[in-house]
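Descriptive structure summary
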Amino acid sequence: MTRVMQFNSPFLLGFDALERMLERAAKASDGYPPYNVEQRPADEGEALRITLAVAGFSREELSVTVEENQLVIRGRQLEDEERTYLHRGIAARQFQRSFVLADGIEVKGARLENGLLMIDLEKPEPARTSRTVEIAEDAAAEPPRRAAREAARSPVTE
């Protein structure tokens, strides 16, 4: 089977991991649970909040983990064997929702409120640094130049 590469330019060598990450993100979208991503005010950098609609899930039935550069939210409701349903319109459905995080994004916290799981993310402003790089002279070329300079300075006597 031939693999079609998105990054097939000869100038984009070594981007295989990025391509795999995009493929994973495309496959992981089944629509459940629904979610919002909002930009929040921040003192420095960037702040985001992901809100998932997880009605019917308790805090113990949810997990939020960061695996490499992915935020993974899992939900698994336990079946209550003591209940007998005449109609079951609210499914006890397990889910896994993944979000690929850019470098530098930190998960600051998560809370469950009124059936909504809110996860706060922050991307601090990167420190801006500047430095001067000293340019060294070529050691092999230095003696002939020095000899030429010294010859030009010394008076010619005949």
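You'll find the structure just up there.
Residues numbered from 1 in each chain as written. Predicted model: local features only at pLDDT ≥ 70, side-chain atom pairs only at ≥ 80, totals over all residues. Heavy atoms only, no water.

**A look at the overall build of the protein**
Counted only if it meets this: Only runs of H or I of at least four residues qualify as helices and only runs of E of at least two qualify as strands under DSSP, and these elements are numbered from the N terminus. With a 1.4 Å probe rolled over the protein chains alone, any residue whose accessible area is under 20% of its type maximum counts as buried; one over 50% counts as exposed, and the rest are partly exposed. Per-residue and other accessible areas follow the Shrake-Rupley method at a 1.4 Å probe size, with only the shown protein chains counted as cover for residues.
What the protein contains, in helices and strands, is two helices and seven strands. Taken across its 158 residues, the protein has 18% of its residues classed as buried. Of the roughly 13,000 Å² of accessible surface on the protein, a fraction of 51% belongs to carbon and sulfur atoms.

**Quick look at unusual backbone geometry**
If you check the backbone angles, Glu-68 has positive phi at about 55° while not being a glycine. Positionally, Glu-68 belongs in the loop between strand 3 (62-67) and strand 4 (70-75). Phi at Asn-114 takes a positive value of approximately 55°, unusual for a residue other than glycine. If you trace the backbone, Asn-114 turns up in the loop between strand 6 (106-113) and strand 7 (116-123).

**Some words on the layout of surface pockets**
Where we set the bar: The method works on a 1 Å grid over the protein atoms by themselves. A cavity is a set of points holding a 1.4 Å probe that cannot get out, a pocket is an open set with protein on both sides within 12 Å along at least five of seven lines, and residues with an atom within 4 Å of a point line them. Grid points are joined across faces, edges and corners, and a volume is the space filled by probe spheres set on the points. The residue classification treats Ala, Val, Leu, Ile, Met, Phe, Trp, Tyr, Cys and Pro as nonpolar and Asp, Glu, Lys and Arg as charged. All others, Gly included, are polar.
A volume near 230 Å³ is recorded for the largest pocket. Contributing to the lining of the largest pocket are 14 residues, with Gln-77, Arg-83, Tyr-85, Arg-88 and Ala-92 lying nearest its centre. Among the residues making up the lining of the largest pocket, the classes are represented as five nonpolar, four polar and five charged.

**A short note on the pairing of strand 2 (residues 46-53)**
The criterion, for reference: For two strands to pair, DSSP has to find at least two bridges joining them.
Buried residues dominate strand 2, accounting for six of its eight residues. Judged from the six bridges that link them, strand 1 (residues 35-40) and strand 2 form a sheet pairing that is antiparallel. Note on strand 2: the bridge partner recorded for Gln-39 is Leu-48. Where strand 1 folds back on strand 2, the antiparallel hairpin that results is connected by five residues, among which Gly-45 adopts a positive phi of roughly 75°. By the bridge criterion, eight bridges tie strand 2 to strand 7 in an arrangement that is antiparallel. Along strand 7, the bridge assignment pairs Leu-48 with Leu-121.

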